[in-house]
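# Observations on the three-dimensional arrangement
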Amino acid sequence: MGYQDQLITSESEVNEKFKSIKKSPVLLNKEAWNKRMEKRIIMDKVARKIFSLSTVFALVILGILFYRIGVQSAGWLNLKFLTGNLSIFPEKAGIYGAIIGSVWLMAVVIPVTLLLGVSTAIYLEEYAKEGKFQSFIKTNISNLAGVPSVIFGLLGLAVFRRLFGLGSSILAGGLTLSLLVLPIIVVASQEAIRAVPNFLRDGAYAMGATKWTTIRTVVLPASLPGILTGCILAISRAIGETAPLVVLGIPTLILAIPESLMSDFTALPIQIYYWTLDTVLTPEYANLAAATIVVLLVVLLLMNSIAIFIRNKFQRRY
Amino acid sequence: MLTNGGNMQSKVVYSVENLNLWYGNDQALRDINLKIEKNEVTAIIGPSGCGKSTFIKTLNRMVDNIPIVRTSGKIFYHGTDIFDKSVRLEELRTTVGMVFQKPNPFPKSIFENVVYGPKIHGIRNKKQLMQIAEESLKSAALWDEVKDRLNDNAYGLSGGQQQRLCIARSLAIQPDVLLMDEPTSALDPIATNKIEELIDELKNNYTIAIVTHSMQQAARISDKTAFFLMGELIEFGDTKKIFTTPEDKRTEDYITGRFG
Amino acid sequence: MDKAVNVRDIIKKNIKSKKNVTEKIMPKVFLLSASISILTTVGIVMTLIFDSYRFFSKVPLREVFSTRLAPLNANPSFGILPLINGTILTSLIAMCVAIPVGLTAAMYLSEFASEKRRKTLKPIMEVLAGIPTIVYGFFAYSFVTPLLMRIIPSLGAKNALSPGIVMGIMIIPMVASLSEDAMSSVPNSMREGAFALGATKLEVTFKVVIPAAISGIVASFVLAISRAIGETMIVTIGSGSSKNFTFDITESMQTMTAYIVEFTSGDAGIGTTGYYSLYAVGLILFLFTLVMNLIAQYISHKYREEY
């Protein structure tokens, strides 16, 4: 009934608006009508300009941001920077450890979120009966998506670091980030699974396939591109997340390169954070931060291109 | 188990007794009684919404996938009630193949589509799979058209070819019965003609039940015809008799195009 | 029939021997995974409540709702009002940027732009949404603040204004894209009714489209506020850690999120009141955002337009 009301109010509003026109002395005073018309058309044109400007505004900011970071990183971003170890001397500092740390983190996040996310989506779309429990999980997931990332840091601190005793290890950080991006991959997988038409499932059932066989051999292969796209989106979110890791208490200066899941580590965004904080003391740290940002953005750009490629290449119309 | 009590050699394949079916509170099938015999083509006709599609989907219990469906009555398949608890759905469906209204090949290669059934039921031997694929595609009169591109995606085939591929896919698990739910409604006349020829060929080896909205098709290809109206089986008998001297006025009206 | 392979018999044998264990186990495995998300929520709520309880049992409520925040002082005080004030002020600034720009951009994309332009502009907007917040934080601190200093000489190196603005920029795509979705789903027949009467696009947008899409638009605002309240890195870097209770946006002030980051970075040992205060702040932050999200969901569910 909501929409009916909406419809009527908005239509009556339209009528209200044009009542003045209808009742205005249109036929009596053509000049006033034309004048009004002209004003309205000008208003329309001005508004169009303003609106398009605010769209462009966002893009201009994006441009400035890229330009500034490009300028600040110029000269600092080189092979030595990429392969060098951290140092308190800006000229010698490199981010090899942070890159490896980020890679390790993703090595935890990718399998954990894929497994948990896809099976949650399978449960919700294929097995759960429509009802309170299903909608409870769905509401829960959409609310989790809205929880600030810093809160996930507190969860990681209390559960993974203190309760499980994982310290500030890669495992603790990776699991924290996994929970953070889980809703992204669940929702994407749900959509991908829902997009598999029922007649494909029927085809499998009619061959005597069981439910799980149908899911394994028909539903999952058909929804794989969508799931992968969601996975990449989730990873790009995770790889840039800073707050949960900082809250988890990742040490400021890590010189050793991480070697196992239990190693202490630093990651690209954390390095950006600490360098930015310390620009007060050493202005060159701003350049290091900018150069690290370029690396991070390039990685993100690459991942998004892959996602777009997958989407375009495997997009299927049934 | 399906085959323990049943006699695979009997002439009667399906014997439907007092079948009722509800979607929630709406009754879609009322007290259906009919027998489907071996190596015959049974056509099921009627206006849309008469329950003919629902009926054929009950024969391999595809309706079980719809949660709100309830049934009563019995369907004997070679003497075993398919609603009996001891009957495994999967086993029933491997002996009763189904072809759908819209061609629904899987988004896989042509080969993978044909050997899907044997594969999920545990046949892994490459040589055997290849043999099965060739036999099934030949039976579905598709082999000559696709033998050089078995690894191409099935979606590259034309609609008619896709439908024959779906038939080949069903044949690959060597079923006893083929259920066809308006298999030509999405196809052009030439492709339809090919499928009809194929059905004529297949009935030597299989028992076929086909839902069709085209009376000409029913008249052309079937041995028996069942006329459904509003969930009831109005008339069932030899196709010739139904189309020439129907007993029921409503059948006559439908066939002569006075309604529907 | 002469078949080279007797598939029928092989299948029959296989089906009979199959015990269907996976068929029974898989749903349970999936259910278990699905419950992880519930466990996460439970975990969050439990840790927050558990450790906040210890905080609230040590610190009297009157002190909590005071304006003096000095956790590391010899005479510590845990007034949360400076943090709430900082959070609300920075979020307000962000909204002043995000709502007008986001909404007008949505109006342009949905009502004025050609299909082709829309298809190029929208993905670029989404790039803006995909940039990590730490990058925005760096941008606020190293570019926007110095820029603003030229206009407002009294502006501190750490202030609420600059991160507020940048946070607003970060949220623009969110407002724009959600509002645009709501506006695009208004059926054309409604627009045509007004166009037929001679209305201009602007009039149709304001008198037909926006009233019809208002619930989606408002929901996008509420979600944006929630996002701003929970945003961490931009304000941590840009706004600093001054715990003063002030309404002067050119000064440094601390948000709830920044407080959590500052405190976990090592200052408070486990077991101290300062440590538990983290969770108390976290709890309040969690409630703030939860309420916002629920409101947004309620609005878009209750007033969902079903055209």
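Residues numbered from 1 in each chain as written. Chains lettered and ligands numbered in written order. Predicted model: local features only at pLDDT ≥ 70, side-chain atom pairs only at ≥ 80, totals over all residues. Heavy atoms only, no water.

### Here we look at the overall build of chain B
Our working definition: A run of DSSP states H or I qualifies as a helix once it reaches four residues; a run of E qualifies as a strand once it reaches two. Both are numbered from the N-terminal end. Within these notes, the globule rule equals 2.2 Å times the number of residues to the 0.38 power, and the radius of gyration is based on C-alpha atoms. With a 1.4 Å probe rolled over the protein chains alone, any residue whose accessible area is under 20% of its type maximum counts as buried; one over 50% counts as exposed, and the rest are partly exposed. What makes two residues a contact is simply this: any of their non-hydrogen atoms within 4.5 Å. Areas reported here follow the Shrake-Rupley algorithm with a probe of radius 1.4 Å; residue values treat only the protein chains shown as occluding. In this tally, Asp and Glu contribute negative charge and Lys and Arg positive charge; neither His nor the terminal groups of the chain are included. Every charge is mapped onto a representative atom, which is NZ of Lys, CZ of Arg, CG of Asp or CD of Glu.
Counting its secondary structure elements, chain B contains 12 helices and 10 strands. Rg of the C-alpha trace for chain B: 18 Å, near the compact-globule value of 18 Å for 260 residues, within the 12% margin. Counting only C-alpha atoms and orienting by the principal axes, one finds that chain B spans roughly 55 × 45 × 35 Å. Burial statistics for chain B: of 260 residues in total, 57% are counted as buried. Considering only residue pairs separated by 6 or more positions, chain B has 69% of its internal contacts joining residues 24 or more positions apart. Accessible area of chain B: about 10,700 Å², with a carbon and sulfur share of 47%. Distance from the positive charge centre (32 side chains) to the negative charge centre (33 side chains) of chain B: 4 Å.

### Things to note about the pattern of salt bridges
Opposite charge on two side chains makes pairing possible when the charged atoms of those side chains draw close. As a reminder of what qualifies: A side-chain nitrogen of Lys or Arg and a carboxyl oxygen of Asp or Glu constitute a salt bridge if their distance falls within 4 Å.
Tallied over the entire structure, the rule returns 26 salt bridges over all chains. Here Glu 145 of chain B makes a salt bridge to Arg 164 of chain B, at a shortest N to O gap of 2.9 Å. Of this pair, Glu 145 of chain B sits in helix α7 (residues 143-146) while Arg 164 of chain B sits in helix α8 (residues 159-171), and the two are 19 residues apart along the sequence. Take Glu 145 of chain B: its relative accessible area is 31%, and that puts it in the partly exposed class. Linking Asp 248 of chain B and Arg 250 of chain B is a salt bridge whose minimum nitrogen-to-oxygen distance equals 3.2 Å. Linked through salt bridges whose partners overlap, the residues forming this network are Glu 115, Arg 118, Lys 122, Glu 180 and Asp 181 of chain C.

### Thoughts on a positive patch on the surface
Keep this limit in mind: To count toward a patch, a residue needs a relative accessible area over 30% and no salt bridge; like charges are then connected within 9 Å, while nonpolar side chains (Val, Leu, Ile, Met, Phe, Trp, Tyr) are connected within 5 Å.
Together, Arg 48 and Lys 49 of chain A together with Lys 116, Arg 117 and Lys 201 of chain C line one region of the surface with positive charge. Every element with two or more residues in the positive patch is listed here: α2 (30-73) of chain A together with α5 (115-130) of chain C. Structurally, Arg 117 of chain C is set in helix α5. Residue class for Arg 117 of chain C comes out partly exposed when judged on its relative accessible area of 47%.

### Observations regarding the side chain of Arg 40 of chain A
For clarity, the cut-off: Polar contact is defined as a pair of N or O atoms within 3.5 Å, subject to the rule that within protein one atom must be able to donate a hydrogen and the other to accept it, and that residues adjacent in sequence are counted only when both atoms are side-chain atoms.
With respect to the element layout, Arg 40 of chain A can be found in helix α2. For Arg 40 of chain A, a relative accessible area of 9% gives the class buried. Engagement of the side chain of Arg 40 of chain A in a polar contact is seen with the side chain of Glu 203 of chain C, the distance being 2.6 Å.

### Some remarks on the interface of chain A and chain C
This is how it is decided: What counts as buried area is the accessible surface, traced by a 1.4 Å probe, that two parts surrender upon association, with contributions from both included. Each residue is assigned to one of three groups, with Ala, Val, Leu, Ile, Met, Phe, Trp, Tyr, Cys and Pro labelled nonpolar, Asp, Glu, Lys and Arg labelled charged, and all others, Gly among them, labelled polar.
Tallying the contact residues gives 81 residues for chain A and 87 residues for chain C. In total, chain A and chain C occlude about 7,400 Å² of area from one another, counting both sides; carbon and sulfur atoms represent 76% of this. Broken down residue by residue, the surface that chain A buries against chain C is led by Phe 51, Leu 154 and Arg 162 of chain A, which jointly contribute 9%. Summed over the shared surface of chain A and chain C, the result is 2 salt bridges. Across the pair Arg 162 of chain A and Asp 51 of chain C runs a salt bridge, and its minimum N-O distance is 2.8 Å. Where chain A meets chain C, there are 19 residue pairs in polar contact (both at pLDDT 80 or more). Looking at side-chain class alone, the side of chain A that touches chain C contains 53 nonpolar, 20 polar and 8 charged residues.

### Observations concerning the interface of chain B and chain A
In many analyses, interface size is given as the accessible surface area lost on bringing the parts together. With 24 residues of chain B at the contact, the number on the chain A side is 19 residues. For the chain B and chain A pair, buried surface summed over both sides reaches about 1,700 Å², with 65% attributable to carbon and sulfur atoms. Considering only the side of chain B, the residues that lose the most area to chain A are Pro 107, Tyr 116 and Tyr 155 of chain B, jointly responsible for 25% of the buried surface there. Counting across the chain B and chain A interface gives 0 salt bridges. Linking chain B with chain A are 4 residue pairs in polar contact (both at pLDDT 80 or more). Contributions of two or more residues to the side of chain B that touches chain A are made by α3 (89-95), β6 (96-99), α5 (116-120) and α8 of chain B. In terms of residue class, the side of chain B that touches chain A is made up of 11 nonpolar, 8 polar and 5 charged.

### A closer look at the environment of Thr 236 of chain C
Mapped onto the secondary structure, Thr 236 of chain C falls in helix α10 (residues 233-239). Once the C-alpha coordinates of Thr 236 of chain C and Ile 15 of chain C are considered, the two residues, 221 residues apart in sequence, prove to be 62 Å apart. Residues in contact with Thr 236 of chain C, not counting those within four places in the same chain, are Tyr 273 of chain A together with Lys 158, Ala 258 and Val 261 of chain C. Within the local environment of Thr 236 of chain C, its side chain forms a polar contact with the backbone oxygen of Thr 232 of chain C, the two atoms lying 2.7 Å apart.

### A few points about the confidence of the model for chain A
Reading predicted coordinates in detail is not appropriate for stretches of low pLDDT. We count it as follows: Confidence scores per residue from the predictor, reported as pLDDT, run from 0 to 100.
Residues of chain A with pLDDT of at least 70 account for 89%, and the chain-wide mean is 86. Across chain A, element-level confidence peaks in helix α7 (residues 170-194) of chain A with a mean pLDDT of 95 and bottoms out in helix α1 (residues 2-23) of chain A with 52.

### What about the side chain of Ser 277 of chain C?
Note on placement: Ser 277 of chain C falls in helix α12 (residues 273-302). Non-local contacts of Ser 277 of chain C, meaning those with residues more than four positions away in its chain, are made with Phe 55, Phe 78 and Tyr 259 of chain C.

### Observations regarding the domain arrangement of chain A
Residues and elements named next belong to chain A. Worth spelling out the cut-off: A domain assignment, automatic or from a database, supplies the domain bounds used here.
Structurally, chain A comprises domain 1 (2-73) and domain 2 (80-314). Facing the 4 residues of domain 1 at the interface are 7 residues of domain 2. Taken as a group, Ile 69, Gln 72 and Ser 73 account for 86% of the area that domain 1 buries against domain 2, more than any other trio of residues on that side. Here domain 1 is connected to domain 2 by 0 salt bridges. Our enumeration of links across domain 1 and domain 2 arrives at 1 residue pair in polar contact (both at pLDDT 80 or more). Classifying every residue of the side of domain 1 that touches domain 2 by side-chain character gives 2 nonpolar, 2 polar and no charged.

### Comments concerning unusual backbone geometry
All names here are of chain B. Of note in the backbone geometry, Glu 182 takes a positive phi value of approximately 45° without being a glycine. With respect to the helices and strands, the residue Glu 182 is situated in the loop between β7 (177-181) and α9 (189-202). Backbone geometry at Met 230 places phi at a positive 45°, although glycine is not the residue there. The exposure class of Met 230 is exposed, given its relative accessible area of 63%.

### Here we look at the packing of helix α4 (residues 96-127) of chain A against helix α9 (residues 211-240) of chain A
Residues and elements named next belong to chain A. Let me state the cut-off plainly: Angular values range over 0 to 180 degrees, each being the angle between N-to-C directions of two axes fitted as lines to C-alpha atoms, with helices fitted over their stretch in contact. The cut-offs work like this: below 35 degrees is roughly parallel, past 145 is roughly antiparallel, 65 to 115 is roughly perpendicular, and the gaps in between are oblique. Helix crossings get a hand from a simple test, with the near helix turned counterclockwise from the far one by less than a right angle marking a left-handed crossing and a clockwise turn marking a right-handed one.
Remark: α4 packs on α9, axes separated minimally by 9 Å, with the N-to-C direction vectors making an angle of 135°. Considered as vectors, α4 and α9 are oriented oblique to each other. Between α4 and α9 the crossing geometry is right-handed. Where α4 abuts α9, its residues Met 106, Val 109, Ile 110, Leu 114, Val 118, Ile 122, Glu 126 and Tyr 127 lie against Lys 211, Trp 212, Ile 215, Val 219, Leu 220, Ile 227, Cys 231, Ile 235, Ala 238 and Ile 239.

### A short note on the pairing of strand β10 (residues 232-238) of chain B
All names here are of chain B. Which entries qualify depends on this criterion: In this description, strands pair whenever DSSP reports at least two bridges between them.
Where strand β9 (residues 224-229) meets β10, 6 bridges bridge the pair, whose relative direction is antiparallel. By the bridge assignment for β10, Phe 227 is matched with Glu 235. Here β9 folds back onto β10, and the loop between the two strands holds 2 residues, one of which, Met 230, carries a positive phi near 45°.

### Comments concerning the pairing of strand β3 (residues 41-45) of chain B
Residues and elements named next belong to chain B. With 5 of its 5 residues buried, β3 lies for the most part within the structure. As defined by bridge partners, β3 adjoins strand β8 (residues 207-211) across 4 bridges and the pair is classed as parallel. When the bridges of β8 are listed, Val 41 appears paired with Ile 208. With 4 bridges joining them, β3 and β9 adopt parallel strand pairing. Counterpart to Ile 45 in the pairing with β9 is Phe 227.

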